[in-house]
Amino acid sequence: MTRTTVLLILAGLGCSPSTAERKARVPMNRVIFSPDAIGSLPTPPRAAKKPRENDRHGYRWSDDYAWLKDESYPKVDDPEVIEYLEAENAYFESAMKPYRTLTDNLFGELKRRIKEDDSSVPAKDGDWLYHWRFEKGAQYRRWYRQPVSGGELELLLDEAKRAEGHEFYRLGAFSGSPDGTKLAWGEDTEGGERFTIRFKDLTTGEILGDAIDNTIGGAQWSADSTTVVYLRASDEWRPYQARAHKLGASSSDDVVLFEEKDTSFFVGVDTTQSRDYFVISTGDHVTSESHLLATDNPTGKPRLISARKENHRYEVDHAGDRLFIRTNDTHENFRLVSVAVTDPAPSNWKELIGGSDRVYLRDFIAFRDTLVVQERVDGLDQIRVRKHDGSDEHRIEFPESAYAVSLGANPEFAPDALRLRYESMVTPATVFDYDAATRRLTSLKVQEIPSGYDPTRYVTKRLMATVRDGVQVPVSIVYRDDFKKGAGAPLHLYGYGAYGYGMRPSFSSDRLSLLDRGFAYAIAHVRGGDEMGFGWYTAGKLESRTNTFNDFVDVTRFLIDEGYAQAGRVTISGGSAGGELMGAVVNLAPELYQGCVAHVPFVDVLNTMLDDSLPLTPMEWPEWGNPITDKAAFELIRSYSPYDNVEAKHYPPLLITGGLNDPRVTYWEPAKWAAKLRATKLDSNLLLLKINMGAGHAGKSGRFERLREVAEEYTFLLMVTGRT
């Protein structure tokens, strides 16, 4: 896959019992606590019912809470909508107030595990070493560089200063020009993921007057350091154009290099590792197309590599006179091919690494002399190093049997060593340099836990749960060494399962606050991710989408049967599409769960997929199906969409979050779901909705603000499990 000089990468993600038999053993979850149990609360907010009739494919249904989508969106200024959201936030604060001391204590724990004056391992790029630092107490990073030959540190960008006066601040792509004299970066001050690209003259320290609005955040430099190529976002937040901007010129004069007319396709731009070419790509979740443009001709005409073909995905990099391409044209787990730059037609592609049922090729970089491939073998991360001439090929050996590894900051075309990031559920994040000649790993930095951490006190395992259709689903679990199976200790289970995005068994210092309070913590690697190969993804999408939900429920029952938890004593969480998973499983098997946290949950699936005015909807149809034109897709989505399947029954306690400026999962999805649950469910279990009024999909910005929200989530989990 192509790489840029973006420095932001330095910143741091037999058959089981029948359903009837298992349900017979599982009691309905009791009311863990009610408003009376946590002090005097005001009456929970009740959103007004304003039925809106819908008709599609011969079905008629009413949506009582459609009005919560402000008609002027993306501007949200309807007084009634704002009043309801603020009432929910006030109720959240009232419910959490009796536990403020616990939240403060948790926040203190989380903060003490963070090295406040932390810094990254410097990454060499030409004549410079780049790194970031956190000053003690700072919410945001400072970015520096220093000459390789020695000399004074140079402050490139101070995020804290840029964030002054803003409730939210997020740094986007961040890159220095090839000649080292200029800096480009994107910044978002609202959380809506619309970035303004700005520039700095590094010779004078002056912030230049050029400012490009409505971008996705990245800027790739031309070879002569005078021009950047960037992505323009439409009013609907779809990146649809690649443009070239010459420094000093008006952005209104920027050259449109490529424009995508298909509203289901998003445009991307990157630079090859060699920095000889821009790669302008376009595609949705299953189909892609790439165009090549020389970086020494940034306003030229991009050249097509392979025309789009439905369900064909490919990515491109370059070294010497060859292009290297990861493609799924002959195998769903991808193969790696090469072709001459001068004639890249698919008929000329030469296979280097073939497709395999066991080996899933996930990513790659073409360095000057080697190809480095990220892959999974039987679900385990591997790094393969291969010389271009085929004279040497090997996989890197790592010290544990279960771990997560990925490529780190590798900006140079011919690096002396390969930078890697390594971790496991018990091993803190470690930065390695790997010398391919000696096959030696050198540890450069291990994540420091200032308050102390002894990895020998914790145990991690990889389990395999056989689910209802006979498939074995991996489960990663971690707990403290004094955890006893069958003793009634709480278990927290996390899941995602969408877009081919696998959940890695990585380390979390935050998680220690649960483990040290007796929890086991597990990740269900359900279908819909890519943990077991690309087929694992396709087995959890479209007509197979319900596999994801069933897998999670069956993993829960497996963990109960294995003694890691008791029925009704499992808490769960997930976000975005993982929030959809949460909504689905509490509809399917609420009796299993003691509490549920759903972050920015994609729960109004049917209505969103029927609304093609939303920027993400057309792009999402290959993932979920198009219910506008396809009756079968409509019926399937309607059968599992969490909002549409809320019933008059008992639900576990729920904490639901959202962001007013979120363009991915719009705020009204969690708001509508919470409103319908309040009006429909039969229990008195606590239901909390928190909408960040000045943030988006990722929640609040700033490293300590993030920890405060984690502390609130953990407070909720301890409340519902009675461990306060």
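1. Observations regarding the pairing of strand β14 (residues 266-271)
When you tally the buried positions in β14, you get six out of six residues, the bulk of the element. In β14, alternate side chains face the same way, and those of F266, G268 and D270 on one face and V267, V269 and T271 on the other are all buried. Here β14 hands over to strand β15 (residues 277-283) after five residues, with R275 in that stretch at a positive phi of 65 degrees.

2. A few points about the pattern of salt bridges
Taken as a whole and judged by the stated rule, the model has 56 salt bridges. Note that K115 is salt-bridged to E448, the shortest N-O span being 3.7 Å. Highlighted residues: K115 in the loop between α3 (100-112) and β3 (123-125) and E448 in the loop between β29 (440-446) and β30 (458-466), separated in sequence by 333 residues. The class of K115 is partly exposed, set by a relative accessible area of 24%. A relative accessible area of 42% places E448 in the partly exposed class. In the salt-bridge network here, residues are joined through shared partners; they are R362, R376, D381, R421, E423, R504 and D530.

3. Some points on helix α10 (residues 617-624)
Counted residue by residue, α10 has eight buried out of eight residues, so it is predominantly covered. The set of residues buried in α10 consists of T617, P618, M619, E620, W621, P622, E623 and W624. Where α10 is buried, its residues contact β14, β15, α6 (534-538), α8 (577-588), α9 (605-609) and α11 (631-640). In the segment just after α10, G625 is the residue with positive phi, at about 105 degrees.

4. Concerning the nonpolar core
Counting 118 residues, the largest nonpolar core has F552, L559 and I572 as its most contacted members. Here this core gets 10 residues from one element, more than from any other, and that element is helix α13 (residues 703-720). Not counting chain neighbours up to four residues away, the residues in contact with L559 comprise L463, V475, I477, L491, L493, A522, Y564 and A565. Among the nonpolar cores identified, the runner-up in size contains 16 residues, and F324, L336, I353 and L361 belong to it.

5. Structural notes on the packing of helix α7 (residues 546-561) against α8
Where α7 meets α8, the axes come as close as 9 Å, and the angle between the chain directions of the two elements is 65 degrees. Here α7 runs over α8; the crossing is right-handed. Side by side, α7 and α8 meet where T548, F549, N550, F552 and V553 of the first sit next to E580, L581, M582, A584, V585 and L588 of the second. When grouped by side-chain class, the residues that make up the contact of α7 with α8 number eight nonpolar, two polar and one charged.

6. Quick notes on the packing of helix α2 (residues 79-96) against α13
Where α2 contacts α13, the axes come no closer than 11 Å and their chain directions differ by 60 degrees. Overall, the two elements α2 and α13 adopt an arrangement that is oblique. Where α2 crosses over α13, the handedness of that crossing is left-handed. Contact with α2, carried on its side by F92, A95 and M96, involves E712, T715, F716 and M719 of α13 and no other residues of that element.

7. Points about the sheet that holds strand β33 (residues 520-524)
Pairing is mixed across the open sheet formed by eight strands, whose spatial order is β30-β31-β33-β32-β34-β35-β36-β37. Strands with a single pairing partner mark the edges of an open sheet, and in this sheet they are β30 and β37 (687-692). Taken over all neighbouring pairs, the strand axes of this sheet differ in orientation by 15 degrees on average, direction set aside. Direction of pairing for strand β34 (residues 570-575) relative to strand β35 (residues 593-599): parallel, over a ladder of six bridges. When the sheet's bridge partners are listed, G574 is paired in β35 with A598. Across the face of the sheet, α8 comes into contact with β32 (491-495), β34 and β35 while running at roughly 140 degrees to β34. Packed on one face of the sheet, α13 meets β32, β34, β35, β36 (654-659) and β37 and runs near 160 degrees to β35.

How each quantity is defined
Here the residue index of a chain counts from 1 through its sequence in written order. Owing to the predicted nature of the model, reporting of local features is limited to residues with pLDDT of at least 70; listing and counting of side-chain atom pairs is limited to 80 or more, with chain, interface and lining totals taken over all residues. Think of the side-chain values as coming from all heavy atoms in the structure, minus any hydrogens and water. Partly exposed residues are those whose accessible area sits between 20% and 50% of the maximum for their type, while under 20% is buried and over 50% is exposed, using a 1.4 Å probe and protein chains only. Here a helix means four or more residues in a row that DSSP labels H or I, a strand means two or more in a row labelled E, and each is numbered from the N terminus. Strand pairing is defined by DSSP finding a minimum of two bridges between the two strands. For salt bridges, the criterion is a side-chain nitrogen of Lys or Arg within 4 Å of an Asp or Glu carboxyl oxygen. Contacts are residue-level and defined by heavy atoms, with any inter-residue pair within 4.5 Å sufficient. Put simply, a nonpolar core is a bunch of buried Ala, Val, Leu, Ile, Met, Phe, Trp, Tyr and Cys residues held in one set by side-chain atoms that sit within 4.5 Å of each other. Here the axes come from fitting lines to C-alpha atoms, over the contacting stretch only for helices, and the angles between their N-to-C directions go from 0 to 180 degrees. What makes a crossing left-handed is the near helix being turned counterclockwise from the far one by less than a right angle; a clockwise turn instead makes it right-handed. Each residue is assigned to one of three groups, with Ala, Val, Leu, Ile, Met, Phe, Trp, Tyr, Cys and Pro labelled nonpolar, Asp, Glu, Lys and Arg labelled charged, and all others, Gly among them, labelled polar. Roughly parallel means an angle under 35 degrees; roughly antiparallel means over 145; roughly perpendicular covers 65 to 115; every other angle is labelled oblique.

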